[in-house]
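Structural description and commentary
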Amino acid sequence: MTILEFLLLLVIAGICGGIAQTLSGYTHRGCLATIALGFIGALLGTYLQRVTGLPEILTIPVGERAFPIIWSVIGGVLFSAAVGFITRRPRNM
């Protein structure tokens, strides 16, 4: 993997992580957290795709690998919602 492919992968993961944060309603802090959310979402989404047997809907080839866009967003939304549910502070009454 070249440096250009790695940077492209970071940009794609950041965009997918940003979309996932917007859809879940829970925002992490910083650009690196958004990129990490995109990668974690890709791992979780790909796992869910394999378990359910559903097809890969949209992938972008980066070098010899394909980055699953839709499954990354789905996995990122699930992960971000779970983290938001666990870390959200209760409201003061």
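Here's what I pulled together on the structure shown here. (Residues numbered from 1 in each chain as written. Predicted model: local features only at pLDDT ≥ 70, side-chain atom pairs only at ≥ 80, totals over all residues. Heavy atoms only, no water.)

So, the overall build of the protein chain
- Counting its secondary structure elements, the protein chain contains three helices and two strands.
- What you see in the protein chain, going N to C, is helices and strands ordered as α-α-β-β-α.
- Taken over the C-alpha atoms alone, the protein chain extends approximately 55 × 30 × 15 Å along its principal axes.
- Considering the protein chain as a whole, with its 93 residues, one finds that 33% of them fall into the buried category.
- Relative to all contacts within the protein chain whose residues are 6 or more apart in sequence, the contacts with residues 24 or more apart total 61%.
- For the protein chain, the computed accessible surface area is about 6,500 Å², with 69% contributed by carbon and sulfur atoms. (Helix = DSSP H or I, 4+ residues; strand = E, 2+ residues; numbered from the N terminus. Buried < 20%, exposed > 50% of the residue type's maximum accessible area, 1.4 Å probe, protein only. Contact = heavy atoms within 4.5 Å. Areas by Shrake-Rupley, 256 points an atom, 1.4 Å probe, with all protein chains shown as cover.)

Some points on the pairing of strand E1 (residues 59–62)
- The pairing of E1 with strand E2 (residues 65–68) spans four bridges and is classified as antiparallel. Bridge pairing in E2 links Thr59 to Pro68.
- Hairpin connection between E1 and E2: a loop of two residues separates the two successive antiparallel strands, and Gly63 in this loop has a positive phi of roughly 70°. (Pairing = 2+ DSSP bridges.)

A few points about the packing of aromatic side chains
- In this structure the tally under the stated criterion is one aromatic pair.
- Seen from their ring centres, Phe39 and Phe67 are 6.3 Å apart, and the 85° between their planes marks the pair as edge-to-face. In this pair, Phe39 is assigned in helix H2 (residues 31–52) and Phe67 in strand E2, connecting sequence segments 28 residues apart.
- Residue classification places Phe67 among the buried positions, given a relative accessible area of 5%. (Phe/Tyr/Trp six-rings, centres within 6.5 Å; stacked < 30°, edge-to-face > 60°.)

Structural notes on the nonpolar core
- In terms of nonpolar packing, the biggest core is built from 10 residues, these being Leu9, Ile12, Ala13, Cys16, Ile35, Ala42, Val62, Phe67, Ile69 and Val73.
- Mapped by element, the contributors of at least two residues to this core are helix H1 (3–24), H2 and helix H3 (69–87).
- Per element, the largest residue contribution to this core is four residues, and it comes from H1.
- Ignoring sequence-local partners within four residues, the contact set of Val62 consists of Glu5, Leu8, Leu9 and Ile12. (Core = buried A, V, L, I, M, F, W, Y, C linked by side-chain atoms within 4.5 Å.)

Quick look at the packing of H1 against H3
- Between H1 and H3, the least distance of the axes is 8 Å, while the angle of their chain directions is 50°. Classified by the interaxial angle, the pair formed by H1 and H3 is oblique. Handedness of the H1/H3 crossing: right-handed. Across from Ile12, Cys16, Ile19, Ala20, Gln21, Leu23 and Ser24 in H1, the residues of H3 making contact are Ile69, Ser72, Val73, Gly76, Val77, Ser80 and Ala81. (Axes fitted to C-alpha atoms, helices over the stretch in contact; angles between N-to-C directions. Parallel < 35°, antiparallel > 145°, perpendicular 65-115°, else oblique. Left-handed = near helix turned anticlockwise from the far one by under 90°.)

Concerning H3
- Taking 1.5 Å per residue as the helical rise, H3 with its 19 residues ought to reach 27 Å, and the 26 Å between its terminal C-alpha atoms agrees with that figure.
- Of all the residues in H3, the buried ones are Ile69, Trp71, Ser72, Val73, Gly75, Gly76, Ser80, Val83 and Gly84.
- The elements touched by buried residues of H3 are H1, H2, E1 and E2. (Expected span 1.5 Å × (residues − 1).)

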